[in-house]
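Letter by letter, the chains look like this.
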Amino acid sequence: MDIKITTLAGKDAGKVELSEAIFGLDPREDILQRVVRWQLAKRQQGTHQAKGRADIARTGSKMYKQKGTGRARHSSARAPQFRGGGKAHGPVVRSHEHDLPKKVRALGLKHALSAKAKTSSLIVIDDLKLAEAKTKALVANLAALGLTNALVIGGAELDQNFKLAATNIPNIDVLPIQGINVYDIMRRGTLVLSKAAVEALEERFK
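None of these values were measured; they are calculated from a predicted model.

### Things to note about the packing of helix α2 (residues 29-43) against helix α3 (residues 102-118)
Packing of α2 against α3 brings their axes to within 9 Å, and their N-to-C directions diverge by 115°. In this structure, the crossing between α2 and α3 has a hand that is left-handed. The residues of α3 that touch α2, namely those facing I31, L32, R34, V35 and W38, are V104, R105, L107, G108, H111 and A112.

### Thoughts on unusual backbone geometry
Its identity as a non-glycine residue notwithstanding, H89 has a phi of 55°, on the positive side. Secondary-structure assignment places H89 in the loop between α2 and α3. Despite not being glycine, S120 shows a phi value in the positive range, around 55°. By the secondary structure assignment, S120 is in the loop between α3 and β3 (122-125). On the basis of relative accessibility, which here comes to 66%, the residue S120 falls in the exposed class.

### Some thoughts on the sheet that holds strand β1 (residues 2-6)
Strand order in the open sheet made by the six strands is β2-β1-β3-β6-β4-β5, with mixed pairing throughout. Here the strands that pair on one side only, and so sit at the sheet edges, are β2 (12-17) and β5 (172-175). Averaged over all adjacent pairs, the angle separating strand axes in this sheet is 30°, with direction ignored. Examined bridge by bridge, β1 and β3 share two bridges and lie parallel to one another.

### Concerning α2
For α2, built from 15 residues, the straight-helix expectation of 21 Å at 1.5 Å per residue is met to within 8% by its first-to-last C-alpha distance of 21 Å. What α2 keeps buried is the set I31, L32, V35, V36, W38, Q39 and A41.

Thresholds, definitions, all that
- Residues numbered from 1 in each chain as written.
- Predicted model: local features only at pLDDT ≥ 70, side-chain atom pairs only at ≥ 80, totals over all residues.
- Heavy atoms only, no water.
- Axes fitted to C-alpha atoms, helices over the stretch in contact; angles between N-to-C directions.
- Helix = DSSP H or I, 4+ residues; strand = E, 2+ residues; numbered from the N terminus.
- Left-handed = near helix turned anticlockwise from the far one by under 90°.
- Contact = heavy atoms within 4.5 Å.
- Buried < 20%, exposed > 50% of the residue type's maximum accessible area, 1.4 Å probe, protein only.
- Pairing = 2+ DSSP bridges.
- Expected span 1.5 Å × (residues − 1).

If you want it as structure tokens, here you go:
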């Protein structure tokens, strides 16, 4: 499939042929959901923890005698039913990660790219470079291209001026090609690829 290349200023810069095996698939929501769930679970900290009865600093002596009071039998004031006691079945520090086959992850990225291409939410720009790190100038360029919510993927090395200028723009994310991922692609309305990024993707999935 062919897609036109534009410059950052919005001018025509020719065409590029995109691989059907990467950008021409019929997107499957189940695969995209699996990869996004894997990504979010992997980055979840899992550092939340509540104190159980073993963690409470409180006397371990018997509250009152076993018999003769007419009350229920109790041993420790650390038990969960008492104020100041430990929490029953509370959260503990753990990893939320789960496994996902490498082939499914790769397929998920292809389906995410294909989903953007199918909905005409894919733009290819010849070069992501700015003469100066001016946010105002970049905002004007993006507005001319109709971009208000986008993920911008550059080559292996990002232009520092472009990266700095894009830092303060809301709903615009900039990543090098090494950082491309399904979650960031799907959470933004438009995917913007540099020509170098397209070449790197085709080389990666060759």
